[in-house]
Amino acid sequence: MALHLPRLDRLLPVLLVLGLLCPPGAMANQLSLAALTSGRAAALVSPPEKGGGTAAGGSLFADRAAAGLFAPPPRRDTTGRVRRAPWGGIGPGGSIADRLRHLIARAEAGRDGYDAVQHGARGKPPKPPTRMTLAEIEAWTRATPGQPHAIGRYQFIPATLRRLVREEGLSPATMFTPAVQDRLGDRLLAEAGLAEAMTGRLPRRTFMHNLAKIWAGLPTATGRSHYHGYAGNAATMTWAEYEAEMARILPG
């Protein structure tokens, strides 16, 4: 008597129904067994196509260790801020040059910022400095002799401003914008030894004194401006404040 086995194509629906009652692992095993006996069942366990929304395609949880919802959080310091490389140029206020300029502006310009004019100037410019061309600033300087002419966020005096403008190749028609002022300020930072200070070749204290020789509002280690008493100049912060700020900007 011959033994008649049911055809596999009739048996598969039964296996699938039974599989719903089995644990996922058991169902996978059953489908694998079916794959060994039928080409039709093989399609049920073949890898899905790319982009099919599975781990093999484009799951939200794919590559958990490297990206996606389960990416490791950025390293943070004790304040909770994202920790950056010491010289990565990122921090409160931006790059190291940004932070230095901010400190200098605090000592020199106060709340007037880029539109600051030396308080001792009796004849003020006809309009805010940021709305003036370099030629207009020069005309104002020559039209009001015998008074201080320090101007802008970094309080450029006429002789220094003329030199920087010449070295930067700026035309008389150039507006005295914040970007232009920052550019000229950066040239002075470079002259003070910023690159050497950032690499440790110039001690921070020496760099601080170099800055104080350029900007009268910054103190020397004596607590006084390098130009104390000259044309009414005086340091506008203490040495301790200056040193603490510089240690944050240039640690090490």
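1. Let's talk about helix H5 (residues 134–143)
Turning to step 1, where the next piece is worked out: Within the sequence span of H5, burial applies to Leu134, Ile137, Trp140 and Thr141. Around the axis of H5, the buried residues are gathered within 120° of arc, so they sit on the same side. Opposite its buried face, H5 presents the exposed residues Arg142 and Ala143, each directed more than 90 degrees away.
Turning to step 2, where the next piece is worked out: Taken together, the buried residues of H5 touch helix H6 (158–168).

2. With respect to the packing of aromatic side chains
Turning to step 1, where the next piece is worked out: Going through the model one piece at a time under the given rule, you end up with four aromatic pairs.
Turning to step 2, where the next piece is worked out: Considering the side-chain rings of tyrosine 154 and phenylalanine 156, the 6.0 Å spacing of their centres and the 75° angle between planes classify their relative orientation as edge-to-face. Phenylalanine 156 carries the same exposure label as tyrosine 154, and that label is buried.
Turning to step 3, where the next piece is worked out: With centroids separated by 5.7 Å and ring planes inclined at 85°, the aromatic side chains of tryptophan 239 and tyrosine 242 adopt a geometry described as edge-to-face. Note that tryptophan 239 and tyrosine 242 are positioned in helix H10 (residues 239–249) at a spacing of three residues, about one turn of the helix. Tyrosine 242 matches tryptophan 239 in its accessibility class, with the two residues each being buried.
Turning to step 4, where the next piece is worked out: Clustering of aromatic rings is evident, with ring pairs tying together Tyr114, Tyr154, Phe156 and Phe176.

3. Things to note about the packing of helix H9 (residues 204–214) against H10
Turning to step 1, where the next piece is worked out: Between H9 and H10, whose axes approach to 11 Å, the crossing angle comes to 120°. Overall, the two elements H9 and H10 adopt an arrangement that is oblique. The two elements H9 and H10 meet at a crossing, and its hand is right-handed. Seen from H9, the contacting residues are Arg204, Arg205, Phe207, Met208, His209, Leu211 and Ala212; seen from H10, they are Trp239, Tyr242, Glu243, Met246 and Ala247.
Turning to step 2, where the next piece is worked out: Residue classes in the contact of H9 with H10 are distributed as eight nonpolar, one polar and three charged.

4. Side note on the environment of proline 126
Turning to step 1, where the next piece is worked out: Take proline 126: it is sitting in the loop between helix H4 (96–108) and H5.
Turning to step 2, where the next piece is worked out: Considering only alpha carbons, one finds proline 126 and isoleucine 137, 11 residues apart in sequence, at a separation of 9.5 Å.

5. Describing unusual backbone geometry
Turning to step 1, where the next piece is worked out: A positive phi is found at glutamine 155, a non-glycine position, where the angle reads about 45°.
Turning to step 2, where the next piece is worked out: Its location among the elements puts glutamine 155 in the loop between H5 and H6.

6. Some details on the environment of phenylalanine 176
Turning to step 1, where the next piece is worked out: Note on placement: phenylalanine 176 falls in the loop between H6 and helix H7 (178–192).
Turning to step 2, where the next piece is worked out: Take phenylalanine 176: its relative accessible area is 0%, and that puts it in the buried class.
Turning to step 3, where the next piece is worked out: Between the C-alpha atom of phenylalanine 176 and that of threonine 130, which follows or precedes it by 46 residues, the distance is 5.0 Å.
Turning to step 4, where the next piece is worked out: With residues near it in sequence (within four places) discarded, phenylalanine 176 still touches Pro129, Thr130, Met132, Leu134, Ile137, Ile151, Gly152, Phe156, Leu161, Gln181 and Leu184.

7. Considerations on the pattern of salt bridges
Any two side chains of opposite charge can pair, given that their charged atoms come close.
Turning to step 1, where the next piece is worked out: Inspection of the entire model under this criterion finds 14 salt bridges.
Turning to step 2, where the next piece is worked out: Where arginine 101 meets aspartate 98, a salt bridge forms, and the shortest distance between an N and an O atom there is 2.8 Å. Note that arginine 101 and aspartate 98 are positioned in helix H4 at a spacing of three residues, about one turn of the helix.
Turning to step 3, where the next piece is worked out: Overall, arginine 101 belongs to the buried group, its relative accessible area being 7%.
Turning to step 4, where the next piece is worked out: The closest approach of N and O atoms between arginine 106 and glutamate 245, which form a salt bridge, is 3.8 Å. Pair noted here: arginine 106 is in helix H4 and glutamate 245 is in helix H10, with a separation of 139 residues, a long-range link.
Turning to step 5, where the next piece is worked out: By relative accessible area, glutamate 245 is classed as partly exposed at 23%.
Turning to step 6, where the next piece is worked out: Each of Arg163, Glu167, Glu168, Arg183, Arg187 and Glu191 takes part in salt bridges that share partners, so that together they form one network.

8. Brief notes about the packing of H4 against H7
Turning to step 1, where the next piece is worked out: Packing of H4 against H7 leaves a shortest axis separation of 11 Å and a crossing angle of 95°. Classed by the angle they form, the pair H4 and H7 counts as roughly perpendicular. Across the interface between the two elements, Ala97, Leu100, Arg101 and Ile104 from H4 touch Asp182, Asp186 and Leu189 from H7.
Turning to step 2, where the next piece is worked out: When its residues are assigned to classes, the contact of H4 with H7 shows four nonpolar, no polar and three charged.

9. Brief notes about the side chain of threonine 133
Turning to step 1, where the next piece is worked out: Its location among the elements puts threonine 133 in the loop between H4 and H5.
Turning to step 2, where the next piece is worked out: Look at threonine 133 and you get buried, because its relative accessible area is 15%.

Reading guide: rules and limits
- Residues numbered from 1 in each chain as written.
- Predicted model: local features only at pLDDT ≥ 70, side-chain atom pairs only at ≥ 80, totals over all residues.
- Heavy atoms only, no water.
- Buried < 20%, exposed > 50% of the residue type's maximum accessible area, 1.4 Å probe, protein only.
- Helix = DSSP H or I, 4+ residues; strand = E, 2+ residues; numbered from the N terminus.
- Arc of directions from axis to C-beta.
- Contact = heavy atoms within 4.5 Å.
- Phe/Tyr/Trp six-rings, centres within 6.5 Å; stacked < 30°, edge-to-face > 60°.
- Axes fitted to C-alpha atoms, helices over the stretch in contact; angles between N-to-C directions.
- Parallel < 35°, antiparallel > 145°, perpendicular 65-115°, else oblique.
- Left-handed = near helix turned anticlockwise from the far one by under 90°.
- Nonpolar A, V, L, I, M, F, W, Y, C, P; charged D, E, K, R; others polar.
- Salt bridge = Lys/Arg side-chain N within 4 Å of Asp/Glu carboxyl O.

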